Amino acid sequence: MSIALVTRRVFLAVDGKLRIKNAIFGSGLISAPRRSIVDMSYSTHFMDFKGSSIPSSMRKLVVTKLSPNFREAVSLQTVPVPTPGDGDLLIRNRFVGINASDINYSAGRYDPSVKPPFDAGFEGIGEVVALGLSASASHTVGEVVAYMGDGAFAEYTVVPAKKAVPVPSAKPEFLTLMLSGATAYISLKKLGALSEGEKVFVTAAAGGTGQFAVQFAKRAKCHVIGTCSSDEKAGFLKSIGCDRPINYKTEDIREVLRREYPKGLDVVYESVGGEMFDLAVNRMATKGRLIVIGFISGYQTATGLKPVKTGSLPAKLLQKSAGILGFFLPHYLSEYKVAMKHMLEMFEKGELVCEVDLGEMTPEGKFFGLESVFRAVDYLYLGKNIGKIVVELPHPISSKL
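All figures in this text were calculated on a predicted structure; none of them were measured in a lab. (Residues numbered from 1 in each chain as written. Predicted model: local features only at pLDDT ≥ 70, side-chain atom pairs only at ≥ 80, totals over all residues. Heavy atoms only, no water.)

(A) Geometry of the confidence of the model for the protein chain. On average, residues of the protein chain carry a pLDDT of 88, and 86% of them reach 70 or more. Segment residues 1–49 is flagged for pLDDT under 50; beyond a separation of four residues in sequence, or across chains, it makes 113 contacts in the model. (pLDDT = per-residue confidence, 0-100. Contact = heavy atoms within 4.5 Å.)

So this is what it looks like as structure tokens:
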């Protein structure tokens with residue numbers, strides 16, 4: 001029986017560099033080395049779709065020491081561009097997202113068994129510039145995708161195709177939905193059980209995640225209260241539907257809640273921790289729900305926590321039939337695709353604001369390039385941002401193999 005043979009160009013890793021060579025395929029047999037390869041069914045499949053080559057090296061941020069001090073923990077390194085496996089995409093990152101948990105990750109708090117060095121960064125958006133054979137069934141070179149996964153603080157990142165979300169263009173607004181938007185959407189849907197007219201209290205409301213909690217609560221026809229640290233942020237909150245912004249620099253949150261909301265808060269979306277957590281617990285309404293999505297006030301400490309007053313907590317919850325629930329996005333990935341689809345539709349229709357802070361108003365200017373990630377993390381912990389902090393990466397058009 002004759003075997004039909006066809007020549008294809010395959011993309012292989014040779015001495016740590018990406019190389020193209022010819023191989024013979026036929027009836028499942030291949031004369032090239034036995035290793036995971038990527039599809040080269042057409043000649044440009046592995047070339048930069050803008051006309052330039054994929055470079056042999058790139059830069060990325062690597063955690064080399066466990067510490068909540070991001071500048072001490074992380075270093076900028078030059079390494080070979082990775083080769084995607086059969087089910088992977090190689091993405092040239094255009095924007096990467098900054099999260100409060102970046103320093104929890106650099107401190108090794110999520111998985112104590114993982115030791116340095118390991119890659120930093122949780123989310124990115126960019127173009128697919130190479131992909132594996134299986135991945136080519138659902139993705140193409142030139143496609144723009146956003147993703148959530150380790151190692152995003154890099155010029156190029158290998159991402160499993162199943163974790164990539166196709167988006168219309170490389171806009172940083174789409175990146176805001178991956179972690180921040182999804183956290184707010186899913187947590188309020190699954191744990192908030194919002195009903196029309198309920199009082200929803202959002203802490204750090206003008207931040208990357210808080211902005212979405214405000215909007216989703218308002219879409220549920222709730223009355224929304226949000227904390228912030230400036231009049232500019234209060235104005236932004238009003239523009240996205242917040243009924244009562246509270247600038248805690250000029251107003252006493254505890255007094256405002258006592259005076260204006262004597263029956264308490266039905267739902268609390270809490271990301272600050274410490275004293276803010278205690279305040280929220282004391283102001284919960286009967287059958288109130290407090291959703292903990294973080295506790296940023298303690299992240300820069302040695303333990304990652306600030307003390308809270310828990311001694312009488314069981315009695316307080318019992319007296320009000322109230323509840324406290326934690327939310328960690330990786331535990332709800334079964335809800336992720338539906339949430340992303342809905343949020344993308346809302347944004348495209350102009351029904352959802354995805355505020356991005358690229359640092360243009362900082363003294364040093366826009367966050368541009370991997371070296372500015374350090375400054376962006378500092379900026380987040382200064383509490384100056386309005387919306388999601390995003391770093392733009394260079395877009396090379398003349399790099400060569």
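(B) Focus on the packing of helix α3 (residues 172–192) against helix α4 (residues 210–219). At a minimum axis distance of 9 Å, the contact between α3 and α4 shows a crossing angle of 40 degrees. Regarding the angle of α3 to α4, the classification is oblique. For α3 against α4, the interelement crossing comes out right-handed. Across from T176, L177, S180, G181, A184, Y185 and L188 in α3, the residues of α4 making contact are F212, A213, F216 and A217. A breakdown of the residues in the contact of α3 with α4 according to their chemical character gives 8 nonpolar, 3 polar and no charged. (Axes fitted to C-alpha atoms, helices over the stretch in contact; angles between N-to-C directions. Helix = DSSP H or I, 4+ residues; strand = E, 2+ residues; numbered from the N terminus. Parallel < 35°, antiparallel > 145°, perpendicular 65-115°, else oblique. Left-handed = near helix turned anticlockwise from the far one by under 90°. Nonpolar A, V, L, I, M, F, W, Y, C, P; charged D, E, K, R; others polar.)

(C) Spotlight on the sheet that holds strand β7 (residues 118–119). Spatially, 3 strands are ordered β5-β4-β7 in an open sheet, and the strand pairing comes out antiparallel. Because the sheet does not close on itself, it has two edges, and the strands there are β5 (74–80) and β7. Bridging between strand β4 (residues 57–63) and β7 involves 2 bridges; their strand directions are antiparallel. Considered in β7, the bridge of V62 is made with D119. (Pairing = 2+ DSSP bridges.)

(D) A look at helix α5 (residues 231–239). The complete set of buried residues in α5 reads K233, A234, F236 and L237. The buried residues of α5 occupy an angular sector of 160 degrees when projected down its axis, which confines them to one face. Counted as exposed and oriented over 90 degrees from the buried face of α5: D231, E232, K238 and S239. On its buried face, α5 is in contact with α4, β13 (223–228) and β14 (244–247). G241 sits one or two residues past α5 and shows a positive phi near 110 degrees. (Buried < 20%, exposed > 50% of the residue type's maximum accessible area, 1.4 Å probe, protein only. Arc of directions from axis to C-beta.)

(E) Examining unusual backbone geometry more closely. Note that the residue after P116, namely P117, is joined by a cis bond; omega there is 5 degrees. Its place among the elements puts P117 in the loop between α2 (102–106) and β7. A positive phi is found at K221, a non-glycine position, where the angle reads about 65 degrees. Counting through the fold element by element, K221 comes out in the loop between α4 and β13. Here the phi dihedral of K287 falls at roughly 65 degrees; this positive angle occurs in a residue that is not glycine.

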